[in-house]
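# What the coordinates show
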Amino acid sequence: MITVSLSGLVGGRVGVSLAVLPATIARAHVAQLLADGARPSYLAPHAEWVDARDVPAQCAAEVVLTVDGPRGTAYAGARLRVHLSFPPAYPAHPPLVRFGSQLHHEQVLEGGLVGPPFYAALGWERKPARHVRTVMAEVHQLLVAPLPTGSRLSRATYLRIAQLQRLRTHTISAYAPLRTHGALFAQPPALLAGWVEPRVLAACDARDDAAIRSCVHELAPGVFSLALFTPALCGLLLDELRGFERTGLPASRPNSMNRHGVIVDEIGMERLMDELRVRLVCPLAEALFTESDQGGSHSLDHHHAFSVTYTPSADTGLDMHHDDSEVTLNVCLGSRFEGAGLTFCGRFGETTYRKHIVTYAHQPGRAVLHLGRQRHGADTIVRGERSSLIVWARSSSYRARAPDEPPMHQRVAPDLCCLSYTHDIDYETWQELPPGVVGKRERLAKLRAMGGG
Ligand SMILES: O=C(O)CCC(=O)C(=O)O
Ligand SMILES: [Fe+2]
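Where an unreviewed UniProt entry is consulted, the protein chain appears under the name Fe2OG dioxygenase domain-containing protein, with the organism given as Diacronema lutheri. As recorded by UniProt, the Cofactor (unreviewed entry) comment attached to the protein chain reads in full: "L-ascorbate".

Let us now look at the side chain of Glu-326. Along the chain, Glu-326 falls in the loop between strand S7 (318–321) and strand S8 (327–334). A polar contact is formed between the side chain of Glu-326 and the backbone nitrogen of Ser-395, at a distance of 2.7 Å. Discounting chain neighbours no more than four positions away, the residues touching Glu-326 are Gln-294, Leu-300, His-370, Leu-371, Gly-372, Ala-393, Arg-394, Ser-395, Tyr-398 and Arg-399.

Moving on to helix H7 (residues 231–247). Counted at 1.5 Å a residue, the expected span for H7 with its 17 residues is 24 Å, and the 25 Å between its end C-alpha atoms agrees. Trailing H7 by a residue or two, Gly-248 shows a phi angle of about 70 degrees, which is positive.

With that out of the way, let us pick up the site of ligand 1. Near ligand 1 there are 16 residues, and of these Tyr-310, Asn-330, His-362, His-376 and Arg-386 occur at the shortest range. In this structure, an oxygen atom belonging to ligand 1 sits 3.2 Å away from a side-chain N or O atom of Asp-323. In the model, an oxygen atom of ligand 1 is placed 2.8 Å from a nitrogen or oxygen of the Asn-330 side chain. For ligand 1, the accessible surface in isolation is 290 Å², of which the surrounding protein chains cover 99%. According to the grid-proximity analysis, the pocket containing ligand 1 is the largest cavity. Considered class by class, the residues forming the shell around ligand 1 number eight nonpolar, six polar and two charged.

Moving on, we get to the packing of aromatic side chains. Summed over the entire model, instances satisfying the criterion amount to seven aromatic pairs. The interplanar angle of 65 degrees and the centroid separation of 6.2 Å between the aromatic rings of Tyr-175 and Phe-185 together place this pair among those described as edge-to-face. Within this pair, whereas Tyr-175 is found in helix H4 (residues 155–175), its partner Phe-185 is found in the loop between H4 and helix H5 (198–205), the two being separated by ten residues in sequence. Per residue, the accessibility class of Tyr-175 equals that of Phe-185, and both read buried. An aromatic cluster is built from Tyr-175, Phe-185 and Phe-244, whose rings are joined through pairwise contacts.

We now examine the sheet that holds S7. If you walk across this open sheet you meet the four strands as S7-S13-S10-S11, and the pairing is antiparallel. Only two strands of the sheet have a single partner each, and these edge strands are S7 and strand S11 (356–360). If you compare each strand with its neighbour and ignore which way they point, the axes differ by 15 degrees on average. Pairing geometry for S7 and strand S13 (residues 374–378), over two bridges, is antiparallel. When the bridges of S13 are listed, His-321 appears paired with His-376.

Coordination of the iron ion (ligand 2) by the protein comes from His-321 (NE2), Asp-323 (OD) and His-376 (NE2), over a distance range of 2.1 Å. The sequence pattern formed by the donor residues of the iron ion (ligand 2) is H-x1-D-x52-H. With His-321 in strand S7 and His-376 in strand S13, this pair connects stretches of sequence that are 55 residues apart. Relative accessible area serves as the criterion here: at 6%, His-321 is assigned to the buried category. Note on His-376: relative accessible area 5%, which makes it buried.

A few words now on empty space enclosed by the protein. Scanning all chains against the criterion turns up two cavities of 30 Å³ or more. If you list the elements that add at least two residues to the lining of the largest cavity, you get strand S6 (302–310), S7, S8, S13 and strand S15 (386–394). Element by element, the count of residues in the lining of the largest cavity is highest for S15, at four residues. Residues belonging to the lining of the largest cavity are distributed by class as follows: eight nonpolar, nine polar and two charged.

Okay, the state of the cysteines next. What makes a disulfide is a covalent bond joining the sulfur atoms belonging to two cysteines. Within this structure, the stated rule accounts for one disulfide. Two residues, Cys-345 and Cys-418, share a disulfide whose sulfurs are 2.0 Å apart. Between Cys-345 and Cys-418, the S-S dihedral sits near -90 degrees, and the bridge is therefore left-handed. With Cys-345 in strand S10 (residues 342–347) and Cys-418 in the loop between helix H10 (396–401) and helix H11 (427–430), the pair connects residues that are 73 residues apart, well separated along the chain. Judged by its relative accessible area of 0%, Cys-345 is buried. Of the residues examined, Cys-418 reaches a relative accessible area of 0% and is grouped as buried. Its sulfur unpaired, Cys-417 is 4.0 Å from the next cysteine sulfur, which belongs to Cys-418.

Rules used throughout
Residues numbered from 1 in each chain as written. Chains lettered and ligands numbered in written order. Predicted model: local features only at pLDDT ≥ 70, side-chain atom pairs only at ≥ 80, totals over all residues. Heavy atoms only, no water. UniProt positions renumbered as here; feature names shortened; annotations may be inferred. Helix = DSSP H or I, 4+ residues; strand = E, 2+ residues; numbered from the N terminus. Polar contact = N/O pair within 3.5 Å; in protein donor to acceptor, adjacent residues only side chain to side chain. Contact = heavy atoms within 4.5 Å. Expected span 1.5 Å × (residues − 1). Near = heavy atom within 4 Å. Areas by Shrake-Rupley, 256 points an atom, 1.4 Å probe, with all protein chains shown as cover. 1 Å grid on protein atoms, 1.4 Å probe; cavity = no way out; pocket = protein on both sides within 12 Å on 5 of 7 lines; lining within 4 Å. Sits in = over half its atoms within 2 Å of the grid points. Nonpolar A, V, L, I, M, F, W, Y, C, P; charged D, E, K, R; others polar. Phe/Tyr/Trp six-rings, centres within 6.5 Å; stacked < 30°, edge-to-face > 60°. Buried < 20%, exposed > 50% of the residue type's maximum accessible area, 1.4 Å probe, protein only. Pairing = 2+ DSSP bridges. Axes fitted to C-alpha atoms, helices over the stretch in contact; angles between N-to-C directions. Donors = N, O, S within 2.8 Å, 3.2 Å for Na, K, Ca; no water. Points joined across faces, edges and corners; volume = space filled by probe spheres on them. Disulfide = S-S within 2.5 Å.

Encoded structure:
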């Protein structure tokens, strides 16, 4: 995650300074929005609001608004979520603005945070606006065109972000005329009846925890599985991913361990992935995990969504790891395969870490839901091909609060199937490395030697 210092603007590191705003102030904002009466086209209140009355006195005050993508831009047709969080120093300092919808824009940083040019254009330091509409108008303007860069980011950092965002938008627009199933890219997105198991969708839409739990099977403590995607949706997604591969367009790979798979947010499916996160992952996570595990209600505000594919001749499996997510949704899309199970070990930072808890056999359409810090790995595929869609749901507020590194608990003897040659420096203490693999110990020694250490 990129962390940017905006000291002077919001009084500390971005993402750290939310908190403690009396509910009365938040309420005043909601009242003000209503009093504004006129609803500019970019403001669609009501449905998306976190009602200020729900904000406990000692909590971050946050309102979630939506902005309609301006006509003639890449965002036209989309209804984008915008989170405004009021810092303790408000109104001397402006609200912190974060997109809660995945979007590619050269001034929007990791996690949806808007970059410094936005605050420069807002000019709050010169003239505190105290007006949510002014802030939203500037958000709208940001979507229409990049703002002048009176930037506090270093130029190099800014150029790197801008270049990356341009690359992503280039692939999205180059792929647009080549799409196989337009419905997967619809703006606004539709989780069409017929795509998701109706009982689950109804329970999630109703935020009915008991109904959600009745759809879910707990494979082991904190690891859940449920029937989620219909064969129709699995088929559409598989088709589309194969179609994309055939185009040979450049694609970012999901992470350092998967070479076959794509970041689906970067081929144009970001609205559908938002919808999956907000309508399915958030309610599922709220019903199944504790607040301290995943940041609580409304908090899974951004994500990283990608596909993985295993075959005996390409990526054959995935070494043990934990995810850079608070909550992970992993849906098997298909198709026919043998092996390629998902082995779970304990959680990072807990005494169960590196102890085997369950091995799950994927089935097309079924999803697994677990915390990001639950260690897991994909067993070697024996025959056929397995693809999965994976959504790493993330919470900015959880990340701002979480301690840097929980203790490792590496002294307890691990179960051998839970060891990771990529991540565990003590791998060779317990067993031999797989043929051809360089262990972490040797990699670190080489790095030190190169650094002269
Ligand atoms: O293959 C799977 O089911 C798991 C993949 C995974 O854990 C990951 O990509 O983070
Ligand atoms: Fe994973």
